[in-house]
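The lines below spell out each chain.
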Amino acid sequence: MATVLSPDICVIGAGSAGLSVAAGAAAFGVPVVLIERERMGGECLNTGCVPSKALIAAAKHAHAVRKAAEFGVNAGEPVIDFEKVQAHVRSVIDAIAPNDSVERFTAMGVTVIRADARFTDPDTVAAGGVAIRARRFVIATGSSTIIPPIPGLAAIDYLTNETLFDLKSLPQHLVIIGAGPVGLEMAQAHRRLGAKVTVVDAGRALAKEDPELSGIVLDRLRGEGIDMFEHSRVLSVEKTATGLRLHCETQTGLVTIDGSDLLIATGKKGNTSGLGLEDAGIAVTATGIAVDGSLRTLNRRVYAIGDAAGGLQFTHAANYHASLVLREILFRLPSRENRGIVPRATFTDPEIASVGLGEGEARARYGKVEVLRWPYADNDRAQAERSTAGLIKIITGRRGKILGVGIAGAGAAEMISMWSVIISNGQGLSHVRNAIVPYPTMTEIGKRAVIAYYTPLTRTPFVRAIIRLLRRFG
């Protein structure tokens, strides 16, 4: 007979979402069972956010060497040791891994089971020879890359984010299917490290972003030598003596693309197979597990959070989900997901980040809105760092209420945090107008846009230039 455990909470999946729930519950002395069949830390630590940002950091240094002459520092073309780049990536993972380890969570009082988990009935999960009958279950199994049904793809040793960081050598020509955040971040990183890169997407690149802002990013990527085919369909793929060949239907006709390696970055869907969800009375959609506004499944004892829920697929959204379900489970406080306060960021260079409604969404919902803009080129710090390509857009409604903010430019992912606070608290332009920000910082860009709302004349280039001079020498 299997051992039976009866904790308050059973968490399935030890990625960002699951670890946040387990740690939060354990901090209050609540009995928790945490089940993980693969690596602790999940995708974010091992194959997602952490290794990708480590690779981007290495690529950024290579780019800085190339651009150093603009600052009077002659360094020449950087020499890339790809094995050492990958060693850097692994060292970053290794440095963070103890925070997500079995040992750390066991020390917190969490019972960690390394095994597959499966519901055997609506109230029981079996894992590693143990039956868990918890008061509440939280499914946090993450997501996996959607593999498109392209003829010939199965015969190719293609890459996904799960295998990309295991490469021993830099691809000669990396072809990427998918021009979303993952695809474009990896495109720019590999291009800066010396690879030829081609990106193909069936729709618009960075399709979820404001076209005015995404255009700034795409211009930079093309300027760095990345070939991009938007609104293009991959008809088939085949092996060649040197790698692979894509046959594509583009806006200008049929095109063949020869490459050495192929990365699939066509989006993700929640991991649901093998969990026995049907035995638990839990429904599944095309993108993940079906949940209501409080992240509960059709089985009222079970929540699904993070990527597994098939909605927002960000680590910070997973942590947000964890906080919501902990409120309900531990304190019986009603909570509902509000996607409008969750920021998103793409870590290209320049970065693009946003929170709240975009311009199109705001006009569709409210009709009349006002859009405030301010360019990076009018910011002294941006000029000093030669990072003048960029723009902030602030969408406002009645009485200056801020409905949404989008930023494309250096440091956008850092700057969006302030606007996330403003929007999540329902604040308006006056709160930003009254704030004092250090000079010279790029944070001034947002404040200048806000001041423009109160002083319409400052929207002309001539008056903006006078203001900059007065602020600097007055």
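See above for the structure.
Summarised in this report is the structure supplied together with it.

### Focus: the layout of surface pockets
Then step 1. Within this model, the second largest pocket holds a volume of roughly 880 Å³.
Then step 2. What lines the second largest pocket is a set of 31 residues, among which K60, R192, D349, S387 and A410 lie closest to the centre.
Then step 3. Contributions of two or more residues to the lining of the second largest pocket are made by α3 (49-67) and α7 (181-192).
Then step 4. Broken down by element, the residue count for the lining of the second largest pocket peaks at eight residues, all from α3.
Then step 5. Across the lining of the second largest pocket, the residue classes break down as 13 nonpolar, six polar and twelve charged.

### Some thoughts on helix α8 (residues 211-223)
Then step 1. Helix length check: α8, at 13 residues, gives a terminal C-alpha distance of 18 Å against a target of 18 Å (1.5 Å per residue), a fit within 8%.
Then step 2. Buried residues of α8: L213, S214, I216, V217, L218 and L221, and no others.
Then step 3. Residues of α8 that are buried in the fold lie against α7, β12 (227-229), β20 (351-356), β22 (391-396) and β23 (402-409).
Then step 4. A distance of 2.7 Å separates the backbone nitrogen of E212 from a side-chain oxygen at the start of α8, and that oxygen is part of D210.

### Quick notes on the nonpolar core
Then step 1. One finds L55, I176, L184, M186, V197, V199 and M228 to be the most contacted residues of the largest nonpolar core, which totals 40 residues.
Then step 2. Of all the secondary-structure elements, those providing two or more residues to this core are α3, α4 (82-96), β10 (173-177), α7, β11 (196-200) and α8.
Then step 3. Per element, the largest residue contribution to this core is six residues, and it comes from α3.
Then step 4. Residues contacting I176, with those up to four places away along its chain left out, are G183, M186, A187, V197, T198, V199, V200, L263 and A265.
Then step 5. Counting 32 residues, the second-largest nonpolar core is a separate cluster that includes V21, V112, Y303 and I329.

### Observations concerning the sheet that holds strand β8 (residues 136-139)
In a beta sheet, neighbouring strands are held together by backbone hydrogen bonds and run either parallel or antiparallel to one another.
Then step 1. In spatial order, the strands read β4-β3-β2-β8-β18; together these five strands make up an open sheet with parallel pairing. Strands with a single pairing partner mark the edges of an open sheet, and in this sheet they are β4 (111-113) and β18 (302-304). Neighbour-to-neighbour, the strand axes of this sheet turn through a mean angle of 20 degrees, independent of strand direction.
Then step 2. Against the sheet, helix α1 (residues 16-27) makes contact with β2 (9-12), β3 (32-35) and β8, and its axis sits at roughly 160 degrees relative to β3, the strand it touches most.
Then step 3. Its contacts with the sheet put helix α9 (residues 315-331) on β2, β8 and β18, and the angle it makes with β18 is roughly 165 degrees.

### Describing a nonpolar patch on the surface
Then step 1. Judged by side-chain polarity, F28, F331 and L333 come together as a nonpolar surface patch covering roughly 320 Å² of accessible area.
Then step 2. Position of F28 relative to the elements: it lies in the loop between α1 and β3.
Then step 3. Under the relative-accessibility criterion, F28 is labelled exposed at 57%.

### Overview of α4
The periodicity of an α-helix, 3.6 residues per turn, causes residues three or four places apart in sequence to face the same way.
Then step 1. Over its 15 residues, α4 runs 22 Å from end to end, which matches the ideal 21 Å to within 8%, given 1.5 Å per residue.
Then step 2. Every buried residue belonging to α4 is among F82, V85, Q86, V89 and I93, and all of these are buried. One side of α4 holds all its buried residues, which, seen down the axis, span an arc of 95 degrees. What points out from α4, more than 90 degrees from its buried face, is the exposed set E83, K84, D94 and A95.
Then step 3. Summarising the contacts, the buried residues of α4 are in contact with α2 (42-46), α3 and α6 (161-164).

### Observations concerning the side chain of N299
Then step 1. Structurally, the position occupied by N299 is in the loop between β17 (268-270) and β18.
Then step 2. In this structure N299 touches P122, A280, G281 and I282, once residues within four positions along its chain are discounted.

Thresholds applied
- Residues numbered from 1 in each chain as written.
- Predicted model: local features only at pLDDT ≥ 70, side-chain atom pairs only at ≥ 80, totals over all residues.
- Heavy atoms only, no water.
- 1 Å grid on protein atoms, 1.4 Å probe; cavity = no way out; pocket = protein on both sides within 12 Å on 5 of 7 lines; lining within 4 Å.
- Points joined across faces, edges and corners; volume = space filled by probe spheres on them.
- Helix = DSSP H or I, 4+ residues; strand = E, 2+ residues; numbered from the N terminus.
- Nonpolar A, V, L, I, M, F, W, Y, C, P; charged D, E, K, R; others polar.
- Expected span 1.5 Å × (residues − 1).
- Buried < 20%, exposed > 50% of the residue type's maximum accessible area, 1.4 Å probe, protein only.
- Contact = heavy atoms within 4.5 Å.
- Polar contact = N/O pair within 3.5 Å; in protein donor to acceptor, adjacent residues only side chain to side chain.
- Core = buried A, V, L, I, M, F, W, Y, C linked by side-chain atoms within 4.5 Å.
- Pairing = 2+ DSSP bridges.
- Axes fitted to C-alpha atoms, helices over the stretch in contact; angles between N-to-C directions.
- Patch = residues over 30% accessible without salt bridge, like charges linked within 9 Å, V, L, I, M, F, W, Y side chains within 5 Å.
- Areas by Shrake-Rupley, 256 points an atom, 1.4 Å probe, with all protein chains shown as cover.
- Salt bridge = Lys/Arg side-chain N within 4 Å of Asp/Glu carboxyl O.
- Arc of directions from axis to C-beta.

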